[in-house]
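For reference, the chains in residue letters:
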Amino acid sequence: MLTPGLVEKKEATAIAGSNKPVYSRKPDPIQQFKASERAAPGSFMAQILAKERELAKLRIRRSGENPRSVIEIGDIHFLKKKFTKARDAYLNAIKLDKNNSAVYRKLINCYIALNNVDLACECYENLIAINPLPEFKHEYVLLRLATANGDKDKLKAVETDLKNLVQENNTNSHVLNTYAMYLGHVSEKPEQSKKYLDKAINLDPSNFHAINNLGVYYVQTNQLDKAREQFDNSLELNPQYDAGYENIAGVYIAQEDYKNALAVLEKAAALGVRLSDKWVHKVGWILIQLGEFKRAVVWHKQKLREEPENDYLLNNLGFCYQMLDNIEKAQEYFSKAIECFEAKLNRPGFIPDIRSKLEYQNLMALAQDLGNADLLDDTAKKLLALEPSSPMGFFFRGQAQRMKKNYTFAKKCYEASIKGEPGVPDPYVCLAFIYEAIDSNYTKAIDILENAPFKSDVAPLFTNNLAYAYIKNGDLKKAESLLAKVKLISHPSLFATRGLLELYKDDFKKAESYYSKAIKNLHADDKQFAEQVWEYEQALYWKNNNDILRSQKSIENALKLGDVSYAYDLTKALEVAVKSH
C-alpha cells in the first residue's frame, strides 16, 4: 500500500500522521530569538531594525568604550546573525558592568542561537542572582522546561521551581498557564491542568496562550467542538497567533475534515502568519488526503525548489504521480527520495526518522505492482542494510523471491518478517499460500493461519487462504463456516474460493457463477490469473468425473494464458495434471 508522509524541513522524531495539539507558553527567549528572524524584507519590522542598526553605528562612532556602546556592537552582530561575535561583545559588556540585566538577556539569546542551552541557563542564574524578578524566574523555568527532553531529574527540578513560582505569584496569569501546561503535558494530569487554566483566564481574559491551552485540554479529553471554540477565541484576541491556526487545523484533521483544515492553513499563510515547518508542509499532505493530486504535484515541486534534498517531499511527489498513473515519474521520485535519505546517513549527528521507511515501502509496493522482481529485491536489500531486522524488508524480499520462484528462500523471508512483527497478516497469508499452492501442504498452511495471533477476519485474503486450505484438505464444513462469517464482496478472491467450495460440493453451475464474479471484479493481472486457476480447477474436476476430453480442453485453455502470476506455479501444476491423463 502506498503511503504519503507528513514532511518537515528539519528531521523530527514524530511519526507521520500524528497531529498533536500545539500547547503554548508566554513568549520566552527561544520565541524572542525566533521573532528576530521573522522580519520579512521590506516589512515594517525590517525597516525599524534597519533604522536602529544605523543609529547604533552612529552612536558607536561618537562614543568610546563603555557598556552601552559595546552592547550596541553586539546588537548589530546579532541582527546580522553573527552570533559568536555578538556573544563576545556581550561578554565584554558584562566585564564592564556586571549588574546589567539587559545584557544578560541578550547573551541568553545568543547562547540559544548557538544551541548552547547549558550556558544560557548559567546566564539566567547570574541574572536572577542580581535581579530576582518573577519575570526572569519564569523565563528560566520555561527555558529549562522546553529543553528538558524527557530528563526526569531536570523535570523534577522544574516542577519544584514551578510550584514555588505559583505560590509566590498565584495571581500571575502567565505563571498559572505555565504550571497548567506542565500538569497537562508533562505530568499528564489534564483535570488539574484545567483548574489552573480556568484561574489564569479568569485573572486575565486576554491571555490567549491560556485560552489556547484550554482548547488543548478539550482535545485531550476528546471534546473537539469545544476545543475549536477555544482556538477560535485565541485567534480573536491575536489574529497572528500561530498555535491557534495549527490547533484548529489539527482538530479538523482529527475529524477528517481536510477541506476546512486546508482553508485554515491557507488563511494563516494569506495573513503572513509564520507557522512551524511541520504545518507548512502539512498543506501538501492535506492536498493528498483530498485527492487533489495535480495541485499536490505543483505544491510539492515548488517546495522542492526550496528544499531539494527533502526526501519526504520527494516521496510524496512520487505518491502523487502514482495516483495520477504516471508510473515512470513515481518510480523516479521514490528512487530519488531513497538516494537523498541515504546521502544524509553519512552526515555527522544525523538520526534516521521512522518515516524514512515510507520511500522504501512505496518503491517496493510499486515494483511489486510492476512485477519488477529485481527492483523489488534491490530495494528490500537496501532497507535491510539500513535496518537488518526490518519486518517490512523481509516481507518484500520474500515477495521478490516468490516472483523469482525461489520458494524456499521466500518462506525464510516471510518467517523472519513474522518473527519481527507478529501482528501483521500479510506474511502469514503469503507463507501459507506457498505451502498451499506450491507444496500442496495444506495441513501446514492451516497450522500457520490458525495459530496466527489475530482473528482470521483481520484481512480478507487471510480468510480466503484459510478457507482454501480447508477445502483442499477436505474439510468443507470448516471452509463453509468460515466463508459465512465474511462478506464475499470484501475481496473478489473470496468469490473464487466460494466457487471452489461449490465445485468440491459437486455443484458446477454455482462454482462457475462464483468464479465469473471473481474474474469480473479482479484487477487485470489478477483477472487473468483467476481465469487460469479456474481452468486448472475445472481440469481436475472433469478428470475426477472421468470426462477426459473436457479436462484436456481446460488444460489447453490454461496453458494458452501463459504463466501470468508469480503467486502460483501453474506450469508445474498443469504438468502433473497432464501426466495424470
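It should be noted that the structure appears before, not after, this text.
Engineer: Outline the overall build of the chain, listing residues and values.
Structural biologist: Within the chain, the regular secondary structure consists of 31 helices and zero strands. In the chain, once contacts between residues fewer than 6 apart in sequence are set aside, the share between residues at least 24 apart is 54%. When the accessible surface of the chain is summed, it comes to about 28,800 Å², and 50% of that surface belongs to carbon and sulfur atoms.

Engineer: Which residues make up unusual backbone geometry, and what values go with them?
Structural biologist: With a phi close to 55°, Ser440 is a non-glycine residue in the positive phi region. Summarising the element assignment, Ser440 is placed in the loop between helix H23 (425–438) and helix H24 (442–450). A positive phi is found at Asp506, a non-glycine position, where the angle reads about 70°. Position of Asp506 relative to the elements: it lies in the loop between helix H27 (492–504) and helix H28 (508–521).

Engineer: Go over the pattern of salt bridges with me, naming the residues and quoting the values.
Structural biologist: Here the structure, examined in full by the defined rule, presents 27 salt bridges. Here Glu135 makes a salt bridge to Arg105, at a shortest N to O gap of 3.7 Å. Of this pair, Glu135 sits in helix H7 (residues 134–146) while Arg105 sits in helix H5 (residues 101–113), and the two are 30 residues apart along the sequence. Judged by relative accessible area, which is 24%, Arg105 ranks as partly exposed.

Engineer: Explain helix H18 (residues 327–344) to me, and be specific about the residues and the numbers.
Structural biologist: In an α-helix, one turn spans 3.6 residues; hence positions three or four apart end up facing the same way. For H18, which comprises 18 residues, the first-to-last C-alpha distance of 26 Å matches the rise-based estimate of 26 Å (1.5 Å per residue) to within 8%. Taken as a whole, H18 has its buried residues at Ala330, Tyr333, Phe334, Ala337, Ile338, Cys340, Phe341 and Lys344. The buried residues of H18 occupy an angular sector of 165° when the element is viewed end-on, so they sit on one face. Exposed residues on H18 whose side chains face more than 90 degrees from its buried face are Glu328 and Glu339. Looking at the buried side of H18, the elements it contacts are helix H16 (293–306), helix H17 (311–323), helix H19 (357–370) and helix H20 (373–386).

Engineer: Explain the nonpolar core to me, and be specific about the residues and the numbers.
Structural biologist: Membership of the largest hydrophobic core comes to 136 residues, with the highest contact counts inside it found for Ile286, Tyr428 and Phe462. Per-element tally for this core: the top contributor is H23, with ten residues. By size, the runner-up hydrophobic cluster in this structure holds 26 residues, among which are Phe83, Ala86, Ala113 and Cys123.

Engineer: So, the packing of aromatic side chains: which residues are in play, and what are the values?
Structural biologist: Two measures describe an aromatic ring pair: the distance that separates the ring centres and the angle between the ring planes. Scanning the entire structure with this criterion turns up 17 aromatic pairs. Geometrically, the ring pair formed by Tyr541 and Trp542 is edge-to-face, given 4.9 Å between the ring centres and 70° between the ring planes. Here a set of aromatic residues connected by ring pairs shows up, and it is made of Phe508, Tyr515, Trp534, Tyr541 and Trp542. The side chain of Lys344 reaches across the aromatic face of Tyr312, ending 5.8 Å from its centre.

Basis of the calculations
Residues numbered from 1 in each chain as written. Predicted model: local features only at pLDDT ≥ 70, side-chain atom pairs only at ≥ 80, totals over all residues. Heavy atoms only, no water. Helix = DSSP H or I, 4+ residues; strand = E, 2+ residues; numbered from the N terminus. Contact = heavy atoms within 4.5 Å. Areas by Shrake-Rupley, 256 points an atom, 1.4 Å probe, with all protein chains shown as cover. Salt bridge = Lys/Arg side-chain N within 4 Å of Asp/Glu carboxyl O. Buried < 20%, exposed > 50% of the residue type's maximum accessible area, 1.4 Å probe, protein only. Expected span 1.5 Å × (residues − 1). Arc of directions from axis to C-beta. Core = buried A, V, L, I, M, F, W, Y, C linked by side-chain atoms within 4.5 Å. Phe/Tyr/Trp six-rings, centres within 6.5 Å; stacked < 30°, edge-to-face > 60°. Lys NZ or Arg CZ within 6 Å of the ring centre and 35° of its normal.

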